[in-house]
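Residue-level listing of the chains:
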Amino acid sequence: MKKFVYLCGMIFLSMNMMAQIDLNDRNWDTVFFDDFTEIGRYWGEDWLSKPVEKWMGFPGFGVTDGPGWYQVYQYSNCHFCPSEGQMKLVSEYDFANIIQTHQYNLPGCMHNIFPSSDSLFYFSGEIDVFKDFMQFQYGYFEIRCKLPKHHGAHSGFWLQNANSNPPDTFYEEIDIVEFSWSASDTAAHWLPVINPESYSTYLGDPRYYSTAISHNLHGQYVDYETDVYAMVYPHIPNEKEDINGWHIYACEWMPDHVYLYLDGNLVNSYYDKTHIPKHHLTLKTNYGIDRYYKNNGIVWMGSDNMIIDYIKVYQLQWQCDTDEIITNQSELNHFDYAVKKSVSIIPSNGEITIENTDKVTFRVTDSFEINGPFQVKNGAEFTVIRQDCPIENKNKVNQ
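Residues numbered from 1 in each chain as written. Predicted model: local features only at pLDDT ≥ 70, side-chain atom pairs only at ≥ 80, totals over all residues. Heavy atoms only, no water.

Quick look at the overall build of the protein chain
- Scanning the protein chain for helices and strands turns up two helices and 27 strands.
- Split into buried and exposed, the 399 residues of the protein chain put 55% on the buried side.
- A sequence separation of at least 24 residues applies to 70% of the contacts in the protein chain between residues at least 6 apart.
- With an accessible surface of roughly 17300 Å², the protein chain has 49% of that area assigned to carbon and sulfur atoms. (Helix = DSSP H or I, 4+ residues; strand = E, 2+ residues; numbered from the N terminus. Buried < 20%, exposed > 50% of the residue type's maximum accessible area, 1.4 Å probe, protein only. Contact = heavy atoms within 4.5 Å. Areas by Shrake-Rupley, 256 points an atom, 1.4 Å probe, with all protein chains shown as cover.)

Digging into the environment of Arg-386
- With respect to the secondary-structure elements, Arg-386 resides in strand E26 (residues 381-386).
- Taking relative accessible area as the criterion, Arg-386 reaches 22% and is therefore assigned partly exposed.
- Separated by 23 residues in sequence, Arg-386 and Arg-363 place their C-alpha atoms 5.9 Å apart.
- At a separation of 2.4 Å, a polar atom in the side chain of Arg-386 contacts the side chain of Asp-388. (Polar contact = N/O pair within 3.5 Å; in protein donor to acceptor, adjacent residues only side chain to side chain.)

Details of the packing of aromatic side chains
- Scanning all chains against the criterion turns up 27 aromatic pairs.
- Here the aromatic rings of Tyr-104 and Phe-123 are separated by 6.0 Å at their centres, their planes lie at 70 degrees, and the arrangement is edge-to-face. Of this pair, Tyr-104 sits in the loop between strand E8 (86-93) and strand E9 (122-129) while Phe-123 sits in strand E9; the two residues are 19 residues apart in sequence, bridging distant segments of the chain.
- Looking at Tyr-104, the relative accessible area reads 6%, which means it is buried.
- Clustering of aromatic rings is evident, with ring pairs tying together Phe-32, Phe-36, Trp-55, Phe-133, Phe-136, Tyr-138, Phe-141 and Trp-253.
- The lysine or arginine in question, Lys-54, covers the ring of Phe-32, its NZ or CZ lying 5.2 Å from the ring centre.
- Geometry around Phe-335 places Lys-340 over its ring, the cationic atom sitting 5.2 Å from the centre. (Phe/Tyr/Trp six-rings, centres within 6.5 Å; stacked < 30°, edge-to-face > 60°. Lys NZ or Arg CZ within 6 Å of the ring centre and 35° of its normal.)

Quick notes on the pattern of salt bridges
- For the structure on display, the rule yields 16 salt bridges.
- In this structure, Lys-88 engages Glu-84 in a salt bridge whose closest nitrogen and oxygen atoms are separated by 3.2 Å.
- Of the residues examined, Lys-88 reaches a relative accessible area of 17% and is grouped as buried.
- For the salt bridge of Asp-128 with Lys-284, the shortest nitrogen-to-oxygen distance reads 2.7 Å. (Salt bridge = Lys/Arg side-chain N within 4 Å of Asp/Glu carboxyl O.)

Quick look at the pairing of strand E22 (residues 339-345)
- The element E22 is extensively covered by neighbouring structure, given that six of its seven residues are classed as buried.
- In terms of strand pairing, strand E21 (residues 318-326) meets E22 through six bridges, oriented parallel. The partner of Glu-324 across the bridge, within E22, is Val-343.
- Bridging between E22 and strand E24 (residues 359-370) involves five bridges; their strand directions are parallel. (Pairing = 2+ DSSP bridges.)

Considerations on the side chain of Asp-94
- Within the secondary structure layout, Asp-94 lies in the loop between E8 and E9.
- Overall, Asp-94 belongs to the buried group, its relative accessible area being 8%.
- At 2.8 Å, the side chain of Asp-94 forms a polar contact with the backbone nitrogen of Ile-99.
- Once residues within four sequence positions are removed from consideration, Asp-94 is found in contact with Ile-99, Gln-100, Phe-121, Tyr-122 and Phe-123.

Points about the confidence of the model for the protein chain
- Mean pLDDT over the protein chain works out to 81, with 76% of the residues at or above the 70 mark.
- When pLDDT is averaged over each element of the protein chain, strand E7 (residues 78-81) comes out on top at 98 and strand E27 (residues 396-397) at the bottom at 36.
- Note that pLDDT drops below 50 for residues 1-17; the model gives that stretch 51 contacts with residues more than four away or on any other chain.
- Ignoring residues within four places in sequence, the model shows residues 393-399, a span with pLDDT below 50, making 26 contacts including any to other chains. (pLDDT = per-residue confidence, 0-100.)

Looking at a nonpolar patch on the surface
- There is a patch of nonpolar side chains on the surface, built from Phe-95, Val-299 and Met-301 and spanning about 310 Å² of accessible area.
- Turning to its location among the elements, Val-299 is positioned in the loop between strand E19 (281-289) and strand E20 (303-316).
- Overall, the relative accessible area of 41% leaves Val-299 in the partly exposed class. (Patch = residues over 30% accessible without salt bridge, like charges linked within 9 Å, V, L, I, M, F, W, Y side chains within 5 Å.)

A few points about the nonpolar core
- Among the nonpolar cores identified, the biggest contains 75 residues, and Tyr-249, Trp-253 and Ile-308 are the most heavily contacted of them.
- The next biggest cluster of nonpolar side chains, apart from the first, holds 17 residues, and it includes Ile-326, Val-343, Val-364 and Ile-370. (Core = buried A, V, L, I, M, F, W, Y, C linked by side-chain atoms within 4.5 Å.)

A closer look at the environment of Arg-41
- Turning to its location among the elements, Arg-41 is positioned in the loop between strand E2 (28-34) and strand E3 (42-43).
- The spatial distance from the C-alpha of Arg-41 to the C-alpha of Pro-51 is 6.3 Å, given a sequence separation of 10 residues.
- What Arg-41 contacts, discounting residues up to four positions off in sequence, is Asp-34, Phe-36, Lys-50, Pro-51, Lys-54, Trp-55 and Phe-80.
- At a separation of 2.8 Å, a polar atom in the side chain of Arg-41 contacts the side chain of Asp-34.

Comments concerning unusual backbone geometry
- The amide bond that connects Lys-50 to the next residue, Pro-51, takes the cis arrangement and shows omega of 0 degrees.
- If you trace the backbone, Pro-51 turns up in the loop between strand E4 (49-50) and strand E5 (55-56).
- At Asn-97, a residue that is not glycine, the phi angle is positive and equals roughly 60 degrees.
- Here Asn-97 is to be found in the loop between E8 and E9.

So, the environment of Cys-320
- With respect to the helices and strands, Cys-320 occurs in strand E21.
- Put simply, Cys-320 and Ala-338 are 18 residues apart on the chain and 8.4 Å apart in space, counted from C-alpha to C-alpha.

The structure is reproduced here in C-alpha cells:
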C-alpha cells in the first residue's frame with residue numbers, strides 16, 4: 001500500500017518532551033495526590049497517619065538524618081491543617097531541654113535507642129509516603145510549597161531507597177528540591193561543589209536551591225566524589241521573589257532521563273542511563289536544620305514552618321510488549337493509551353481523523369507508522385514520543 005499522510009494543524013514528533021507533563025496526555029495516570037484538606041486525620045502511636053496509613057512521620061532509618069545534624073524528627077511537628085488545606089512541617093528550638101533529658105517520643109522500630117543529645121537542639125518534621133501504601137518507580141513528582149528561610153534551614157522534597165531500614169545494598173536518590181541557606185563562608189554548605197563556578201554566586205542567597213542525582217550500586221554509602229552524577233543550583237528568576245514564596249518544584253524521572261522544573265520551567269536535565277536510579281523509591285519531604293549552622297557561630301533560636309499546599313504523582317501506563325494497529329476511527333476513539341512497543345495507523349476503510357479540539361499523544365518504545373489516509377484537523381495537537389520502558393513494567397506496588 002502506498003503511504004499517504006495528510007496533516008493539517010499542529011503536529012509534534014519528538015524523541016523526548018521536556019515540558020512539564022500535559023494533563024491531556026492520557027498515557028499518564030494520577031497515582032498519588034494529597035492537598036491536605038481531608039478532615040479528621042491524625043498521627044497514631046505507630047507514627048503513621050490515620051485513618052488511612054498514607055504517611056509516616058519520621059525517616060525510615062531513625063529520628064535524625066544522621067551524625068552532625070541538629071534536629072530530632074517528631075510526628076508531632078507534622079501538622080495536618082485541613083481548614084487551610086496545608087501540611088506544616090515545624091522546626092522549633094528546644095528551650096525546655098527535652099532532648100537533653102530524653103523525654104521525647106521514638107517510633108516503635110527505634111525502641112529505646114536515643115540519638116546522642118550532645119549536638120541536638122531542635123524538634124523538626126518529616127513526612128514520607130508509607131512504603132506499604134505506595135512506592136514509586138519512575139513518574140512525575142510535584143510539590144507546591146513555601147520553604148523556610150533562615151540560617152540553618154534545610155528543607156527538601158526527594159526520592160530515596162524504599163528499603164532504608166536496614167539500608168539497601170545499593171543506594172539511589174533524586175533530590176527534586178533541596179534548600180540549605182548557609183552562612184557566608186565557603187565551608188558552610190553541606191554538599192560538595194560539583195559546579196564550583198557558581199559557588200560564590202549562591203552562597204547565602206535565599207533564592208538558590210540545589211538538585212542532585214545519587215546512584216551507588218556498590219555499597220550502602222554514597223561517595224560524593226563518584227556517586228553523585230548531576231547537581232545544579234537553579235535560581236529563583238525574579239529578584240523580588242525568593243524561596244519563602246509559593247513555588248512549584250517538580251521532577252520527571254524516566255529510565256532514560258530526569259527533568260527538573262521550577263514553576264513550570266525546565267531548570268535541569270540528565271540523560272546518562274547508567275546512573276539514573278532504577279529501583280522503587282520512597283517519596284519524602286522534610287524540614288531540618290543544616291549541620292553547619294552552629295559551626296559558623298549562628299544560633300537560630302526560633303520556630304518556623306515549611307508549608308506544603310499539595311503533593312502529587314503521575315505515572316505512565318506501560319504496555320511495552322504491545323504492538324498496536326489502528327485500522328478505523330472507532331479504534332482510535334477507544335485507544336487504550338499507554339506506552340506501547342509500536343503503534344501503526346493503517347486505515348482499512350476510509351480516513352482516520354483527529355478532530356480540531358483533540359489532543360492526542362502516542363508513546364512508543366520502538367516505532368510509529370502512518371500508512372494510509374490520516375488527517376489532523378486545524379487546531380488539533382498530535383504528538384509522538386519515543387519512550388524507554390523500565391526493565392520491569394511495574395509502576396507501583398503495595399497499594
